[in-house]
Amino acid sequence: MTRSLLQPEHLALIEGGVGVSVASRDRALMPDLVRALAARIEPSGELTVFLSGADGASVLANLRDSDAVAVVFSQPSTHRTLQLKGRALSAAPAAPADLALVRQRRDAMFRDLAKIGFDERFAQGLLHFDPQDLVALRLAADSAFEQTPGPRAGAAIATAGPRPVGAPRRDANGGPAPGARVPALESVPASAPGLPASVPAAAASATPARGPRPAPSLGAIRHCLEGATPGVIATCAPDGTPNVSYLSQVQYVDEGHVALSFQFFNKTRANVLANPRARLIVIDPAHGAMYRLTLRYLRTETAGPLFEHMRAMLESVASHAGMADVFRLLGADVYRVEALAVAHGEPTGLAEGPSRLAALRAAAARIVACADLHALLDETLAALHEHLRIEHSMLLLLDRAAGRLYTVASRGYPASGVGSEVPLGAGVVGVAVKEGTPIRLSRLTSAYAYGRAIREAAAREGLAGAFETEIPFPGLVAPRSQLAVPIRMAGDTVGALLVESTEDLRFGYDDEDALATLAALVGQTMHVLQQRDDLDAAHGPAAQPGPASPDRAAAGRDGTASAACEPAAATGEPVTVRHYPADHSVFLDGDYLIKGVAGAILWALVSEHTVTGRTAFSNRELRLDPRIPLPEIGDNLEARLVLLQRRLVERKACVRIEKSGRGRFCLRVERPLVLQQVG
């Protein structure tokens, strides 16, 4: 019986605030699934599960023909999950005394959902029930399985013996043999609420107690496929045993197909390879309504755009838990959606944001009007704020040689973070750039709880040595939504836009499309500006060595005069500029300033200035300077100069860089410099 199969921690899980899912199957081995409300272990050792008779009408109807049943319990905040398989014994309307227990367990579930950021509106929608519709389903478990995400997902915990699940006599499809008696629901009166005497298999997706409701399109429930709430899939083995698994990803492919992540749930995969039919429940992450999808497995993709996008999404979560080598996608299982119906609650669309087309038009006009990279960075983030109402944003560029992204502009944070770095492949933005695909996470508290669950499971299996060092979130201390979009220039990924929010579900598919369009425009504008500066530098006069004359001014090729690079007397206490050639780190009076290519640029400039007194320089000569380790292709020199310029301003340094024309700039030094090269 159930109690004898389980350890105390399993019993506590079942009787706590957990999500409960029940699966059955019909005579043709078509699985079905319903989300239940609570469970109780009886003194006899049997299990009672409480569910809505209307929501579970088709699941209960299946049990009139076959007693095979699977039940999964999962705690949202930890993803601790347990699956029981066995036999349905009886079903009856819940007694009045049962209502207090169901409400108690529901309140415990409310509290657990709140730990990972789900509000009361979602919890109420998800767990709403009609007391008159409550059914008590009595079960006897024959086996128990570990279902917590991780290396042991699907492993058997205990079994009552070799007896097959279900009725003793079966036909070739695992159904009841002709004349066999299946007593699973014979004790339920035909008039029991939500339990019609029979439900045709063709009506398995309907909810007879309420009457059929219009089926939404897959595109209309795309917001339910965000990963903010895990999908639940029911499959059936050839011997007639149902199986239930929670999924980390349900990916919208097109109006007729979805892709499910294939990671640890090997039983699900084995089942669909043998019996390609499945049922999937997805949940509206804002309102708690549920939708039941009837699926047919088509294929598994292990390469290509779909697989790479899903892998990148998974990797972005894994990197924050330090599990890139453990928590990985094995395949993208593609299914055809044969039917879609409302399974629970009332369909409610998410609130509409600003018009994306109007916002794109306004933002594009600002971007293409930018005359230099400095303006482009600021105008891009300003456009996101003013036209798309995005409060927190960053623009990062890629240092491919160092394998890192560096922040060149930000908006909405207490500190700018200019010069901060993110390793390529780390976090949402690092993975987006590494894989060249947008990454959008809509409920980060829940997503990272899933990652922690796998990390802990892997640690129990002795795989802790495979973890990377866990990294802090960039930007906001605790973001609830993030969207990172790569920026491409002339066919190469050169950086990314990263936007964040303290709100759950802040960024949807439309936001992703809008930012992808803006990122493409930013990349194209960067390319045009770089080509123009390169052309000006190649045809214009290079800065001449020697002290600059007070009356000499640089002029751009457009004929406009720029500010003269007039040398000014450096006064005050000397400042020590310390340079470490190993990584080109630069310190001012012991305070870290910058490193990498930007650090090498600064050291070259102050070295030249200290020896010759020069203040006028050109981009062209920096590209030719052997002291500066620029890559041969895609050097992005202008971005390094902008980074250096902003970092000097932010640190209130006694050295400044000021643009004096296209491809030209001035060095301003306010205090005497003492140079020290270390190592």
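Scope of this entry: the structure provided in the associated data block.

Calculation rules
- Residues numbered from 1 in each chain as written.
- Predicted model: local features only at pLDDT ≥ 70, side-chain atom pairs only at ≥ 80, totals over all residues.
- Heavy atoms only, no water.
- Helix = DSSP H or I, 4+ residues; strand = E, 2+ residues; numbered from the N terminus.
- Contact = heavy atoms within 4.5 Å.
- Areas by Shrake-Rupley, 256 points an atom, 1.4 Å probe, with all protein chains shown as cover.
- Expected span 1.5 Å × (residues − 1).
- Buried < 20%, exposed > 50% of the residue type's maximum accessible area, 1.4 Å probe, protein only.
- Polar contact = N/O pair within 3.5 Å; in protein donor to acceptor, adjacent residues only side chain to side chain.
- Phe/Tyr/Trp six-rings, centres within 6.5 Å; stacked < 30°, edge-to-face > 60°.
- Lys NZ or Arg CZ within 6 Å of the ring centre and 35° of its normal.

1. What to know about the overall build of the protein
Next, step 1: Across its full length, the protein holds 15 helices and 30 strands.
Next, step 2: Taking all contacts inside the protein whose residues are at least 6 apart in sequence as the whole, residues at least 24 apart take part in 71%.
Next, step 3: Carbon and sulfur atoms form 54% of the exposed surface of the protein, whose accessible area is close to 26700 Å².

2. Examining helix H4 (residues 96–115)
Next, step 1: In this model, H4 (20 residues) spans 30 Å end to end at C-alpha, consistent with the 28 Å of a helix rising 1.5 Å per residue.
Next, step 2: Those residues of H4 that sit buried are Asp98, Leu99, Leu101, Val102, Arg105, Arg106, Ala108, Met109, Phe110, Asp112 and Leu113.
Next, step 3: In the stretch just after H4, glycine 117 is the one whose phi turns positive, near 95 degrees.

3. Considering helix H5 (residues 120–127)
Next, step 1: Inspection of H5 places Phe122, Ala123, Gly125, Leu126 and Leu127 among the buried residues, and these make up the whole buried set.
Next, step 2: Looking at the buried side of H5, the elements it contacts are strand S2 (31–36), H4, strand S13 (277–283), strand S14 (290–301) and strand S15 (331–344).

4. Brief notes about the side chain of threonine 380
Next, step 1: Among the structural elements, threonine 380 can be located in helix H9 (residues 373–388).
Next, step 2: Owing to a relative accessible area of 1%, threonine 380 belongs among the buried residues under this scheme.
Next, step 3: Among the polar contacts made by the side chain of threonine 380, one reaches the main-chain carbonyl oxygen of leucine 376 at a distance of 2.7 Å.
Next, step 4: Discounting residues that sit within four places of it in the chain, threonine 380 has contacts with Ile367, Leu395, Leu497 and Val522.

5. A few points about the packing of aromatic side chains
Next, step 1: On inspection of all chains with the given rule, the structure shows five aromatic pairs.
Next, step 2: The interplanar angle of 70 degrees and the centroid separation of 5.5 Å between the aromatic rings of tyrosine 580 and phenylalanine 587 together place this pair among those described as edge-to-face.
Next, step 3: When the centroid spacing of 5.6 Å and the interplanar angle of 70 degrees are considered together, the rings of phenylalanine 587 and tyrosine 592 count as edge-to-face.
Next, step 4: Residue class for tyrosine 592 comes out partly exposed when judged on its relative accessible area of 34%.
Next, step 5: Members of the aromatic cluster, each reached through a chain of ring pairs, are Tyr580, Phe587 and Tyr592.
Next, step 6: Cation over ring: arginine 269 sits above phenylalanine 262, and NZ or CZ is 4.3 Å from the ring centre.
Next, step 7: Against the face of tyrosine 509 rests arginine 440, its NZ or CZ located 4.2 Å from the ring centre.

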